[in-house]
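Overview (structure and organization)
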Amino acid sequence: MSLERKDEYDHGEWMREKNLTPVETTFLTVLIWMDKRFRIVDYLEILETLYYRVNMQMPKSHTEQYNLDNKFWYWYPLYALGSFSTIAYVVAALSGALLGFYYAPATTGDPTTAYNQLAFIMTELNFGFMLRSIHRWSAQVMVAAVFLHMLRVYFTGAYKEPRELNWIIGIILISLTMVFGYTGYLLPWDQLAFWAGQIGVEMSLSIPLAGEWVAQLLFGGFSLGQATLQRMYIIHVFLLPFVVTTLIAVHIGIVWIQGIAEPH
Amino acid sequence: MDSSTDDTDADEETRAREVEVPLHLYKVVTVFSTMFAVAFVVGGFIVLDTATQRARLDFGEMNLPLAILGVAMIAAGALVYAFATRFRAEGMGKPKDGSDEPSNNG
């Protein structure tokens, strides 16, 4: 028996002195019951401690500078969306690298080689269906998570001084994520991909002055063909991975240096 | 409706209920309720997909009880998440509700 005063872990005591409704009491009791058996919070707290150990922030956040103990915003669920996007990106990169062993960006033949390889991955390759599904789902999840992450940053005011640069990088990243999605969408070279490509060409051509130049550069011409698929492939598996990985590293590095923004 | 001038007795009814809990319990509530909410919503969509065969069945052919279960699970997930937001740690409050910080742009 310790001589220290009762701490906040003595749930039964303070729950009695609060005026809780039966639903609230049940809700809390169930969650405390879960917490005693599955100590997830403890492990997350270890991560939180690690975060502070390795953290060499330049301007400390207000709560850290004055050592206030209400750092509860790290526990807001929506603050996990950035990590969630990163995890989705890593999963997509790994599964995409494996898919690259079996895909070929060629429009020859009928149906085309690209589509044949896709059918091969989906129907014959061992774990191919799973591999492509993982790639597609992680891509969808990443787009959704990145968008929600941007909403969270906007509505908590995390883009404000001194984090303007990281907000701009974030906007570039969300745009490149969508380019990633679009180029990957065209790779199956089925009807869906082909007409999505047609829309892309026409959208490029609608740009004043630079339209034809943009269409040439991105789609390799004004009508879809081998050059289009080849360019989409190279953008998807060569150009964007380097650019986006670098930008994500810079993006996270700046968060590391500046610290997580507190809600304003 | 001008409630910004007198916020002592008027918003006792309008403001959502808040329950202050110890910080550790707040973490428990956040982590576990989020987990339950995610599991219910994702599971609900899976059940709904199963009932309607990914929305490819006609309206008459779908498994109605299972579809209702799916929708109910999604609603339950939302409910769990919404219910959990009434719990707050000490010193934590919505800034816009604080009496020392008027919400008139400064």
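If you're wondering where the values come from, they're calculated on a predicted model, not measured in any experiment.

A count of helices and strands for chain B gives three helices and two strands. Helices and strands appear in chain B in the N-to-C order α-β-α-α-β. A buried classification covers 21% of the 106 residues belonging to chain B. Sequence-distant contacts in chain B: of pairs separated by 6 or more residues, those separated by 24 or more amount to 69%.

The subject of this paragraph is the interface of chain A and chain B. Chain A puts 18 residues into the contact, and the matching count from chain B is 18 residues. By residue number, the principal contributor to the side of chain A that touches chain B is helix H2 (residues 22–37) of chain A, which donates six residues. Taken together, the residues of the side of chain A that touches chain B break down into 12 nonpolar, two polar and four charged.

Looking now at the confidence of the model for chain A. The pLDDT averaged across chain A works out to 89; a share of 88% of its residues lies at or above 70. The element-level mean pLDDT for chain A is lowest in helix H4 (residues 62–65) of chain A, coming to 64, with helix H8 (residues 164–186) of chain A highest at 97.

All names here are of chain A. It is the contact of H8 with helix H9 (residues 191–205), at a shortest axis distance of 8 Å, that shows an interaxial angle of 130 degrees. Between H8 and H9, the crossing angle belongs to the class labelled oblique. Contacts between H8 and H9 involve Tyr-182, Tyr-185 and Leu-186 from the first element and Ala-193, Ala-196, Gly-197 and Gly-200 from the second. Counted by class, the contact of H8 with H9 contains five nonpolar, two polar and no charged residues.

Our next topic: the environment of A:Thr177. Residue and element names in this part refer to chain A. Counting through the fold element by element, Thr-177 comes out in helix H8. Each C-alpha atom of the pair Thr-177 and Gly-100 lies 19 Å from the other, and the pair is 77 residues apart in sequence. Excluding residues within four positions of it along the chain, Thr-177 makes contact with Met-142, Val-143 and Val-146.

With that settled, consider the nonpolar core. Ranked by internal contacts, the top residues of the largest apolar core, which has 14 residues, are A:Leu31, B:Val21, B:Leu25, B:Tyr26, B:Val28, B:Val29 and B:Phe32. For this core, the secondary-structure elements that each account for two or more residues are H2 of chain A together with helix H2 (23–52) and strand S2 (87–89) of chain B. It is H2(B) that provides the largest number of residues to this core, a total of six residues. With 12 residues, the next largest nonpolar core counts A:Leu99, A:Leu186, A:Trp189 and A:Ala193 among its residues.

Here the focus is the confidence of the model for chain B. Residue and element names in this part refer to chain B. Taken over all residues, the pLDDT of chain B has a mean of 79, while the share at 70 or more is 73%. Of all secondary-structure elements in chain B, the lowest mean pLDDT belongs to helix H1 (residues 11–14), at 51, while helix H3 (residues 64–84) reaches the highest, 95. Ignoring residues within four places in sequence, the model shows residues 1–12, a span with pLDDT below 50, making three contacts including any to other chains.

A separate point is the domain arrangement of chain A. Each domain of chain A was delimited in the assignment, giving domain 1 (11–72) and domain 2 (77–258). For domain 1 of chain A and domain 2 of chain A, the distance between their C-alpha centroids amounts to 37 Å.

For H2(B), built from 30 residues, the straight-helix expectation of 44 Å at 1.5 Å per residue is met to within 8% by its first-to-last C-alpha distance of 43 Å. Phi turns positive, to about 45 degrees, at B:Gln53, one or two residues after H2(B).

Cut-offs used in this document
Residues numbered from 1 in each chain as written. Chains lettered and ligands numbered in written order. Predicted model: local features only at pLDDT ≥ 70, side-chain atom pairs only at ≥ 80, totals over all residues. Helix = DSSP H or I, 4+ residues; strand = E, 2+ residues; numbered from the N terminus. Buried ≥ 20, exposed ≤ 12 C-beta atoms within 10 Å, placed from the backbone. Contact = placed C-beta atoms within 7 Å. Nonpolar A, V, L, I, M, F, W, Y, C, P; charged D, E, K, R; others polar. pLDDT = per-residue confidence, 0-100. Axes fitted to C-alpha atoms, helices over the stretch in contact; angles between N-to-C directions. Parallel < 35°, antiparallel > 145°, perpendicular 65-115°, else oblique. Core = buried A, V, L, I, M, F, W, Y, C linked by C-beta atoms within 7 Å. Domains from an automatic or database assignment. Expected span 1.5 Å × (residues − 1).

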